[in-house]
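Topology and contacts: notes
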Amino acid sequence: MKKNNKNTLKLIIGVLFLIIVIIAICKICSLNLGIDDIKGYVDSFGKFAPIVYIIMFALIPLTLFPDSILAIAGGLVFGLFRGYIYTTIGALIGGTISFFISRYWGRDVVKKLTKEKLDKIENMINNRGFVIVFLLRLIPLFPFDVISYGSGLTSIKYKDFLLATFFGTIPGILVFTNLGAESVNIGSNSFYLSISALILLFIVSIFLKNKFILNNLIDDSNN
């Protein structure tokens, strides 16, 4: 009896969550999805703009919209300091949602959401947990949501996933929000520095991808 009640409650919560998500996705997709459009939309909420921005970022994994564009818009709207804080909060909530969707709703749901094979990422995270999630988060070339969904399918503890996400996303979020914050100063030295930081981030990402991630894939395939 208790089990049936628990399943019913889980179903109701799932349906309500799905309805909220669909409404939010439709609202986000109704935007033109350019940086200036996002800025105008978020600014229109006045003092509630930070909450709206955090919710939008938290729902990014369900829309498959590029999180880097929203992070740049966050820097443009709020500046580097507040933009970083709000983006980090949104990223952690979004990562958490994706993590538990895959952990409790399973592989079939995740495949429909991502349309990607997650076997290799799963194997790496299962074998090395925190370190692999941390390294993957350092690499913008790996989609944020795919890492979150893949992690939920593994045995990694949520605490390790959350900490690895927090520390691993620091460089990327700083670079993208700084780029947005400096986009109002196009032509200035600070703007060109922000572009240089973005280029450096991608160079380091490629190095990390080739040095560590590919090596881990090779090691896992040999085991």
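The coordinates are above.
Residues numbered from 1 in each chain as written. Predicted model: local features only at pLDDT ≥ 70, side-chain atom pairs only at ≥ 80, totals over all residues. Heavy atoms only, no water.

**Quick look at the overall build of the protein**
- Of the regular secondary structure elements, the protein holds eleven helices and zero strands.
- Buried residues in the protein amount to 43% of all 223 residues.
- In the protein, the share of contacts with a sequence separation of at least 24, taken over all contacts with a separation of at least 6, comes to 77%.
- Taken as a whole, the protein presents about 12,200 Å² of accessible surface, with 67% of it coming from carbon and sulfur. (Helix = DSSP H or I, 4+ residues; strand = E, 2+ residues; numbered from the N terminus. Buried < 20%, exposed > 50% of the residue type's maximum accessible area, 1.4 Å probe, protein only. Contact = heavy atoms within 4.5 Å. Areas by Shrake-Rupley, 256 points an atom, 1.4 Å probe, with all protein chains shown as cover.)

**Focus on the packing of aromatic side chains**
- Counted under the stated rule, the structure contains twelve aromatic pairs.
- Where Tyr53 meets Phe78, the ring centres are 5.5 Å apart and the plane angle is 65°; that geometry is what we call edge-to-face. Residue Tyr53 is found in helix 3 (residues 49-58), and its partner Phe78 is found in helix 5 (residues 67-105); the two are separated by 25 residues along the sequence. Phe78 shares its class with Tyr53; the two are buried.
- Between Tyr158 and Phe161 the ring centres are 6.4 Å apart and the planes differ by 35°, which places this aromatic pair in the tilted class. Placement of both Tyr158 and Phe161 in helix 9 (residues 158-168) is noted, with a separation of three residues, approximately one turn of the helix.
- Classification of Tyr158 as partly exposed rests on a relative accessible area of 27%.
- The rings of Phe99, Phe100, Tyr104, Tyr158 and Phe161 are connected pair by pair, giving a single aromatic cluster.
- If you follow Arg137 out to its NZ or CZ, it ends over the ring of Phe144, 3.9 Å from the centre. (Phe/Tyr/Trp six-rings, centres within 6.5 Å; stacked < 30°, edge-to-face > 60°. Lys NZ or Arg CZ within 6 Å of the ring centre and 35° of its normal.)

**Remarks on a nonpolar patch on the surface**
- Together, Phe130, Val131, Leu163, Phe166 and Phe167 make up a nonpolar patch on the protein surface, roughly 410 Å² of accessible area in all.
- Sorting the residues of the nonpolar patch by element identifies helix 7 (119-137) and helix 9 as the ones contributing at least two each.
- The biggest single contributor to the nonpolar patch is helix 9, with three residues. (Patch = residues over 30% accessible without salt bridge, like charges linked within 9 Å, V, L, I, M, F, W, Y side chains within 5 Å. Salt bridge = Lys/Arg side-chain N within 4 Å of Asp/Glu carboxyl O.)

**Overview of helix 9**
- Those residues of helix 9 that sit buried are Phe161, Ala164, Thr165 and Gly168. Along the axis of helix 9, the buried residues cluster in a sector spanning 100°; they form a single face. (Arc of directions from axis to C-beta.)

**Re the layout of surface pockets**
- Space inside the largest pocket adds up to approximately 320 Å³.
- In terms of lining, the largest pocket is formed by 17 residues, of which the most central are Asp67, Ser68, Pro140, Phe144 and Phe176.
- Of all the elements in the fold, those that place two or more residues in the lining of the largest pocket are helix 5, helix 7, helix 8 (144-152) and helix 10 (170-182).
- Tallying contributions element by element places helix 5 first for the lining of the largest pocket, with four residues.
- Here the lining of the largest pocket is composed, by residue class, of twelve nonpolar, three polar and two charged. (1 Å grid on protein atoms, 1.4 Å probe; cavity = no way out; pocket = protein on both sides within 12 Å on 5 of 7 lines; lining within 4 Å. Points joined across faces, edges and corners; volume = space filled by probe spheres on them. Nonpolar A, V, L, I, M, F, W, Y, C, P; charged D, E, K, R; others polar.)

**A closer look at the nonpolar core**
- Ranked by size, the top nonpolar core spans 27 residues in total, and within it Val42, Tyr53, Met56, Leu70 and Phe78 carry the most contacts.
- Mapped by element, the contributors of at least two residues to this core are helix 2 (35-43), helix 3, helix 5, helix 10 and helix 11 (189-222).
- Broken down by element, this core gets its largest block of residues, nine residues, from helix 5.
- Ranked by size, the runner-up nonpolar core spans 15 residues in total, among them Phe99, Val133, Leu138 and Leu208. (Core = buried A, V, L, I, M, F, W, Y, C linked by side-chain atoms within 4.5 Å.)

**So, the side chain of Thr169**
- Mapped onto the secondary structure, Thr169 falls in the loop between helix 9 and helix 10.
- Setting aside residues up to four positions removed in sequence, Thr169 forms contacts with Arg137 and Phe144.

**Some words on the side chain of Ser151**
- Mapped onto the elements of the fold, Ser151 is located in helix 8.
- Among the residues examined, Ser151 registers a relative accessible area of 0% and is labelled buried.
- Apart from residues no more than four positions distant in its own chain, Ser151 is found in contact with Phe99, Arg103, Ile125, Val133, Ile156 and Phe161.

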